[in-house]
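Breakdown of the fold
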Amino acid sequence: MMKVLIADDEKHVREAIKMLADWNSHGITEIIEAEDGQSAVDLIMEHSPQIVMTDMRMPRMDGTRLLEWIKNNQPAVKSIVISGYDDFELVRHAIRNGGLDYILKPVDPDELNEALNKAVEEVRLETLQDRLSARKNRELNQMKPHYADKLLTDLIGSHGNRDELARQLQEEFGLPREIEAASAAVISTAQLDQELLDKFRPMRQLLYFTLINICNEVLLAWQKGIAFHNLNNPEEIVLLIWEETMPLQTTLAEIRSGIDLTLHRQVHIGAGPRQPFPAGIAASYHDAHQALWQRNLNEPAGWLHTAAPPSQKPQRLAAHEDSFRTAALSGSADSISSAVDGWMEQVRKLACVTPAQLKQWNSEWDWMLKQWMDLDSNAPAPGPDKDAMLELPPSLPLDPLGRLSYPLWKTQYEGRLIAASRIMTQQHSRDNNNHIIHDIAKYLENHYAEDISLQDMAARFFLSREYISRRFKQEFGVNISEFLADVRIAKAKLLLLNPQLRISQIAEMVGYQDEKYFSKVFKKQEGRTPNDYRKDQSSH
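Counting restarts for each chain, with residues numbered from 1 along the sequence as it is written. At least 70 in pLDDT is required for a residue's local features to be given in this predicted model, at least 80 for side-chain atom pairs to be given and counted, and no such filter applies to totals for whole chains, interfaces and linings, which use all residues. Excluded from the side-chain calculations are hydrogens and water; all other atoms, namely the structure's heavy atoms, are used.

**Overview of the sheet that holds strand S1 (residues 2-7)**
What counts, and what does not: Paired strands, in this sense, are two strands between which DSSP finds at least two bridges. Counting from the N terminus, the helices are the DSSP runs of H or I reaching at least four residues and the strands are the DSSP runs of E reaching at least two. A fitted line through C-alpha atoms serves as each axis, taken over the contacting stretch for helices, and the angle formed by two N-to-C directions is quoted from 0 to 180°. The contact criterion used throughout is that any non-hydrogen atoms of two residues lie within 4.5 Å.
Ordered by their spatial adjacency, five strands build an open sheet running S2-S1-S3-S4-S5, and the pairing between neighbours is parallel. One side of each edge strand has no neighbouring strand; the edge strands of this open sheet are strand S2 (28-34) and strand S5 (99-104). With direction set aside, neighbouring strand axes in the sheet form an average angle of 20°. Across five bridges, strand S4 (residues 78-83) lies against S5 in parallel orientation. Bridge pairing links Ile80 to Asp101 in S5. On top of the sheet, helix H4 (residues 63-73) reaches S1, strand S3 (51-54) and S4; it is set at about 165° to S3, its chief contact.

Right under this line is the structure:
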């Protein structure tokens, strides 16, 4: 039974949410309502809802404080903000305090149901995690998984004495002593599709645990072998299989079927040859890893990979850098699409495209785009676009069957070029805006004696008061009134050196009609009155 609490001080908003959400399809069986944050806290304690939808502006306790309370006291509760305020600080506060989504009023039904679906999926994944964790504890009893993973990782790597590692595994984790030979097999989460990875994004360890659990259900049940998390390559699940009464392919097919049944994905598996145990197991693992990463993504059939194809001359992405950068600088979506198509045409001519090549091309992208930033920007680029440009695509462009998806690949590359184009455009705009802010400062320095207001500057330079105020402070570290005061007092100090000028005259000459106010500002700036300053200067 899944419950949702709606916290909003406006009843008609609560009614609208209740009407727009497709509760049945999400498995929501109970809806609770609260008129403010404090009532929401009381109801959360009483009814334990899994999901809370909250407004940000409410009496007694507002949404910001409610989110903080949930984070500190009920962190398992999933929060969705539904607010009429498009305020960056409120959005940031919501994200920092665990909010899954921030929906603006009036509520769009599609956005509401999409956010609700995300929250429900996270609740279900965490419930699955709890169940799997309990099951693993029962099955493995006192086994210490991380320590076992470390010993097994060292066994397939270059750390430690393999005979000693095998002895520890036998004594502490019940590994059979009579193993004479074994094969290694590899499953890589890096070769899963983006849709599945997104489901496990907040809890990637759950994905590893699920895969290991499925593998060990087959291997440990019949004492065929053991599966573990490769700590030297966290994206890998490695299987050691020593029982040979059943063909290796049959055992791996059974494991693959279990993964498909649980995750609805048909994974690819690399397998190495049978080698003496423990001396040859590292070589078997190396061959399995290579076979998986050198598999031909253009081949539609085959899921078990036992040998790498012949090597071919690598196609370098950097050779197309000029066309990519020109397209990004143009800002044209058509040019960007055409540049990516040109690259794709070259790749389609290759007899073999491997996952290892895709990783290498991603690395070239990363290097190439960083070079563009160094060339085109002396200052940090805006955060979100900079991050979007520099972040490698979150997964290889593979479909649910583990094959290369050219449409997805093109979307990834176009996205990075569009982000790069946006950064270059923003950098150009930022440079222009810096010129305008300095023009405003220059105007203040030349017209300090006039009665100048922020509204005057906004009208003169065709900018909003808020924008000028914010950018001026960013550029000079002070607001316009402080900057103008500094200029005026600096001019006044020069005029005070002339004993023929009265204080009232000097005040007027630097833009102050009130002598007393001028003296007050001067003293605040200099720590003494204009008269005292004049006396000190005349005594030198």
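**Section: the pattern of salt bridges**
This is how it is decided: Each salt bridge in this description consists of a side-chain nitrogen of Lys or Arg and a carboxyl oxygen of Asp or Glu lying within 4 Å of one another. Residue exposure (1.4 Å probe, protein chains only): buried if accessible area is under 20% of the type maximum, exposed if over 50%, otherwise partly exposed.
Under the defined criterion, the tally for this structure stands at 24 salt bridges. A salt bridge links Lys224 to Glu254, with the shortest nitrogen-to-oxygen separation between them at 3.9 Å. With Lys224 in the loop between helix H10 (204-219) and strand S7 (225-229) and Glu254 in helix H11 (residues 248-263), the pair connects residues that are 30 residues apart, well separated along the chain. For Glu254, a relative accessible area of 36% puts it in the partly exposed group. For the salt bridge of Asp399 with Arg403, the shortest nitrogen-to-oxygen distance reads 3.1 Å. Looking at Asp399, the relative accessible area reads 17%, which means it is buried. When its relative accessible area of 30% is taken as the criterion, Arg403 is described as partly exposed. When salt bridges that share partners are traced, they join Lys11, Arg14, Glu15, Lys18 and Glu33 into one network.

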